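Read off the chains here:
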Amino acid sequence: MKGICLLFLVTVSVFGLIGECSGDALKKNFYKKSCRNAEKIVKNVTERLTAAEPDVAADLLRLHYHDCFVRGCDASILLDKAGADPSEKEARPNLSLQGFDAIDTIKSEVEAACPGIVSCADILALAARDAVSFQFNKSMWDVFTGRKDGRVSLSSEVTGNLPSPFSNFTTLQQLFALKGLTVKDLVALSGAHTIGVSHCGAFGRRLANFSVNNDIDPSLDAAYAQTLRSQCSNPPDPATTVEMDPQSSLNFDTNYFLILTQKKGLFQSDAALLTNSASAKLVKQFQRQKDFFTQFANSMKKMGAIQVLTGSPGEIRKQCHVVN
């Protein structure tokens, strides 16, 4: 299933008519004739940035996720506020996002070679792949290109579309299904938590006064909870971060699925994957590197085709943070 074009129901009806948005219009080497070295430039700059700062991989992967789950993969997450309405990047779940400077750097070098040809949406999709792939010295999944950039970015559209770290399994499954993604995609894409860090506020409620009966979330390993408590103040300090995958947060690997079975998933949404028999089975399966990497590649291609703009509704931004 390469193309996903969803005109959502009530929760996203405010998006309006998207027009031509089938992921089927994406293709490999879209810029072969119009900007022959586009993907090479993106790769080279991304690898340079990742070599200098390994956290860039997690930053760009997270940016790509947060972009695709709201309005589809149209680079709307990159837009600054225009007018009175806050943009997506100003929504609370997106305030900790990083990687915007990296995308601007990549875009400027692509523009220098091919002005007005390569979209920010494609650059983000390519850069996320290339940053994660850097440690392996080979591309971990194919990125089909041909996306246009969206012209609208609204903070109000984030809630109800972007999965929350506090979500239970039912909510996660419903949100992913709205985007045309399966339980297998949900579990595989959750594996992105194998790299990067999180602010304490995203999981702090699991560490103190969790419920009437439990001070600590019982689905969290008690010893691990105490370790997290030693790192995070109560109330949480917004500046404090911890590894999402302890001791392995710079390596894209299967360790995330192992720690899940040890009740050391950082978020409630991580622990939720063990509450459903089908997803729990996948958690065990994806401890095998070949199985995880294969499915992650497939799921990233599906996610990267959500509600893409490929016709007249979109544009090719000159700068990724503002519309033309």
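Everything discussed here concerns the structure shown above.
A quick note: this is a predicted structure, and the numbers were derived from the prediction, not measured.

Parameters at a glance
Residues numbered from 1 in each chain as written. Predicted model: local features only at pLDDT ≥ 70, side-chain atom pairs only at ≥ 80, totals over all residues. Heavy atoms only, no water. Phe/Tyr/Trp six-rings, centres within 6.5 Å; stacked < 30°, edge-to-face > 60°. Helix = DSSP H or I, 4+ residues; strand = E, 2+ residues; numbered from the N terminus. Buried < 20%, exposed > 50% of the residue type's maximum accessible area, 1.4 Å probe, protein only. Lys NZ or Arg CZ within 6 Å of the ring centre and 35° of its normal. Axes fitted to C-alpha atoms, helices over the stretch in contact; angles between N-to-C directions. Parallel < 35°, antiparallel > 145°, perpendicular 65-115°, else oblique. Left-handed = near helix turned anticlockwise from the far one by under 90°. Contact = heavy atoms within 4.5 Å. Nonpolar A, V, L, I, M, F, W, Y, C, P; charged D, E, K, R; others polar. Expected span 1.5 Å × (residues − 1). Core = buried A, V, L, I, M, F, W, Y, C linked by side-chain atoms within 4.5 Å. Disulfide = S-S within 2.5 Å. Salt bridge = Lys/Arg side-chain N within 4 Å of Asp/Glu carboxyl O.

**Section: the packing of aromatic side chains**
- This structure, assessed with the given rule, holds 13 aromatic pairs.
- Between F257 and F292, the ring centres sit 4.9 Å apart and the planes meet at 70°, which makes this aromatic pair edge-to-face. One end of the pair, F257, is in helix α8 (residues 255-261); the other, F292, is in helix α11 (residues 289-303), with 35 residues separating them in the sequence. For the pair shown, F257 and F292 are each scored as buried.
- Through a chain of ring-to-ring contacts, three or more aromatic side chains come together here, namely F136, W141, F252, Y256, F257, F286, F292, F293 and F296.
- Seen from the ring of F100, K89 lies directly overhead, with NZ or CZ sitting 4.4 Å from the centre.
- One Lys or Arg, R205, reaches over the ring of F166 and ends 3.9 Å from the middle of that ring.

**Digging into the packing of helix α6 (residues 183-190) against helix α10 (residues 277-285)**
- The contact between α6 and α10 brings their axes to 10 Å, and the two run at 45°. Judged on the interaxial angle alone, α10 and α6 are oblique. Judged by the twist between their axes, the crossing of α6 over α10 is right-handed. For the pair formed by α6 and α10, the contact residues are V183, K184 and V187 on the first element and S279, L282 and V283 on the second.
- Grouping the amino acids of the contact of α6 with α10 by side-chain chemistry returns 4 nonpolar, 1 polar and 1 charged.

**A look at helix α1 (residues 38-52)**
- The terminal C-alpha atoms of α1 lie 22 Å apart, and with 15 residues this matches the ideal 21 Å at 1.5 Å per residue to within 8%.
- The set of residues buried in α1 consists of A38, I41, V42, V45, T46, E47 and T50.
- On its buried side, α1 packs onto α2 (56-68), α3 (100-113) and α4 (120-133).

**Let's talk about the nonpolar core**
- In terms of nonpolar packing, the biggest core is built from 74 residues, with L61, L63, L78, I103 and F296 touching the most fellow members.
- With 9 residues, α4 is the single largest residue contributor to this core.
- Contact partners of I103, with chain neighbours within four places excluded, come to L60, L63, L78, I123, L124, A127 and C320.
- Grouped together as the second largest cluster of nonpolar side chains are 14 residues, I216, A225, V242 and M244 included.

**Points about the state of the cysteines**
- In the structure shown here, the tally under the stated rule is 4 disulfides.
- One disulfide bridge connects C68 with C73, the sulfur atoms lying 2.0 Å from each other. Between C68 and C73 the sulfur-sulfur dihedral comes to about 120°; the bridge is accordingly right-handed. Here C68 matches C73 in class, with each residue buried.

**Observations concerning the pattern of salt bridges**
- Inspection of every chain in the model, using the stated rule, returns 13 salt bridges.
- One salt bridge connects R147 with D122, and the closest N-O pair in it is separated by 2.7 Å. Note that R147 is positioned in the loop between α4 and α5 (169-178) and D122 in helix α4, a separation of 25 residues in sequence. A single burial state applies to R147 and to D122, both of which are buried.
- With a closest N to O distance of 2.4 Å, D215 and R229 form a salt bridge. Of the two residues, D215 sits in the loop between β1 (197-199) and α7 (222-231) while R229 sits in helix α7, which places them 14 residues apart along the sequence.

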